[in-house]
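# Structural characterization, general
Letter by letter, the chains look like this.
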Amino acid sequence: MTKIIENLEQIQKKIKQAQERSGAQQQVHIVAVTKEVDVERTNEAIAAGLLHLGENRPEGLLAKREAIQQAASWHYIGSLQTRKVKQVINEIDYLHSLDRLSLAEEIEKRAEQVVKCFVQVNVSGEESKHGLTAEEAIAFLHSLSEMTKIEVVGLMTMAPYSADEQLLRSVFRNLKKLQQEVVALKLPYAPCTELSMGMSNDYEIAVEEGATFVRIGTALVG
């Protein structure tokens, strides 16, 4: 049994326990963050059954896509510069970092098919993090009404790197609250049924608070 399979079994067990604690029933997708590992390790992840792969640089994404011919869903999880949209937008299945109109307009111009996007929200308000405030996010969603190549499947946030469980819980809970507000708007282009939140150090809390996509690197693939 490979180390990745061992890690995956542990993570799946912890996700199940987190759902039992919270009474949650949502399906949780594990995005294996392969940005720091090589092609061989990424192939091991796919062989272990991990079919959602996360990259945060255009060069890394394109090199892996070229080398790996197996079926997988590719997630772009880093901040995407507008000038680099044309390189990656037709190579990915999900974008986790839609956070400005100029980016949305470039996606609209360059995408050959509808792109599943998460709007990035900076719930914690940290200056070091990208993303919209909760107030800006609602206005931003309304500004996408004429776009034909963007489907807002959910919201994404990055919690502070902290051991303060209450702080982490509050960030995830506030994203869930905002997601419910968006769902209530019934925007046809923004069903917003998903929540991308939780990483190696805090995914269990994120799952308890409603995460449907967790982005795990170190604890999974090293």
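## Regarding the state of the cysteines
Tallied over the full model, the rule gives zero disulfides. Just so you know, Cys-117 is unpaired, no disulfide at all, and the nearest cysteine sulfur is the one on Cys-192, 12 Å from it. A residue is classified by how much of its surface remains accessible, and Cys-117, at 0% relative accessible area, is buried.

## Regarding the packing of helix α6 (residues 134-143) against helix α7 (residues 165-185)
Put simply, α6 and α7 touch, their axes get as near as 11 Å, and they point 25° apart. When the axis of α6 is compared with that of α7, the two are roughly parallel. Between α6 and α7 the crossing geometry is right-handed. Along its contact with α6, which presents Ala-134, Ala-137, Ile-138, Leu-141 and His-142, the element α7 presents Leu-178, Glu-181, Val-182 and Leu-185. Among the residues forming the contact of α6 with α7, the class breakdown is seven nonpolar, one polar and one charged.

## Thoughts on the layout of surface pockets
A volume near 440 Å³ is recorded for the largest pocket. If you go around the largest pocket, you meet 22 residues; those closest to its centre are Val-33, Lys-35, Ile-77, Met-158 and Met-199. For the lining of the largest pocket, a count of residues per class yields six nonpolar, twelve polar and four charged. In terms of lining residues, the second largest pocket is bounded by Leu-8, Gln-12, Ile-15, Lys-16, Gln-19, Val-28, His-29, Ile-30, Gly-49, Leu-50, Leu-51 and His-52. Those elements that place two or more of their residues in the lining of the second largest pocket are α1 (3-22) and β1 (29-33).

## Details of the side chain of Gln-120
When you line up the elements, Gln-120 lands in strand β5 (residues 115-120). Within polar-contact distance, the side chain of Gln-120 engages the backbone oxygen of His-130 at 3.3 Å.

## A short note on the packing of aromatic side chains
Counted under the stated rule, the structure contains three aromatic pairs. On the basis of an interplanar angle of 55° and a centroid distance of 5.5 Å, the ring pair of Tyr-94 and Phe-213 is categorised as tilted. One end of the pair, Tyr-94, is in strand β4 (residues 94-98); the other, Phe-213, is in strand β8 (residues 213-216), with 119 residues separating them in the sequence. Given a relative accessible area of 13%, Tyr-94 falls into the buried group. Overall, the relative accessible area of 2% leaves Phe-213 in the buried class. Put simply, the rings of Tyr-94, Phe-118 and Phe-213 touch in pairs and so form one group of aromatic residues. In this structure, Lys-116 is placed above the aromatic ring of Tyr-94, and the distance from its NZ or CZ to the ring centre is 6.0 Å.

## Some thoughts on α7
Relative to the 30 Å expected for 21 residues at 1.5 Å per residue, α7 spans 31 Å between its end C-alpha atoms, a close match to the ideal helical length. Of all the residues in α7, the buried ones are Leu-168, Arg-169, Val-171, Phe-172, Leu-175, Leu-178, Gln-179 and Val-182. The elements touched by buried residues of α7 are α6, β6 (150-156), β7 (194-196) and α8 (203-208). Lys-186 lies just past α7 and shows a positive phi near 55°.

The rules behind each value
- Residues numbered from 1 in each chain as written.
- Predicted model: local features only at pLDDT ≥ 70, side-chain atom pairs only at ≥ 80, totals over all residues.
- Heavy atoms only, no water.
- Disulfide = S-S within 2.5 Å.
- Buried < 20%, exposed > 50% of the residue type's maximum accessible area, 1.4 Å probe, protein only.
- Axes fitted to C-alpha atoms, helices over the stretch in contact; angles between N-to-C directions.
- Helix = DSSP H or I, 4+ residues; strand = E, 2+ residues; numbered from the N terminus.
- Parallel < 35°, antiparallel > 145°, perpendicular 65-115°, else oblique.
- Left-handed = near helix turned anticlockwise from the far one by under 90°.
- Contact = heavy atoms within 4.5 Å.
- Nonpolar A, V, L, I, M, F, W, Y, C, P; charged D, E, K, R; others polar.
- 1 Å grid on protein atoms, 1.4 Å probe; cavity = no way out; pocket = protein on both sides within 12 Å on 5 of 7 lines; lining within 4 Å.
- Points joined across faces, edges and corners; volume = space filled by probe spheres on them.
- Polar contact = N/O pair within 3.5 Å; in protein donor to acceptor, adjacent residues only side chain to side chain.
- Phe/Tyr/Trp six-rings, centres within 6.5 Å; stacked < 30°, edge-to-face > 60°.
- Lys NZ or Arg CZ within 6 Å of the ring centre and 35° of its normal.
- Expected span 1.5 Å × (residues − 1).

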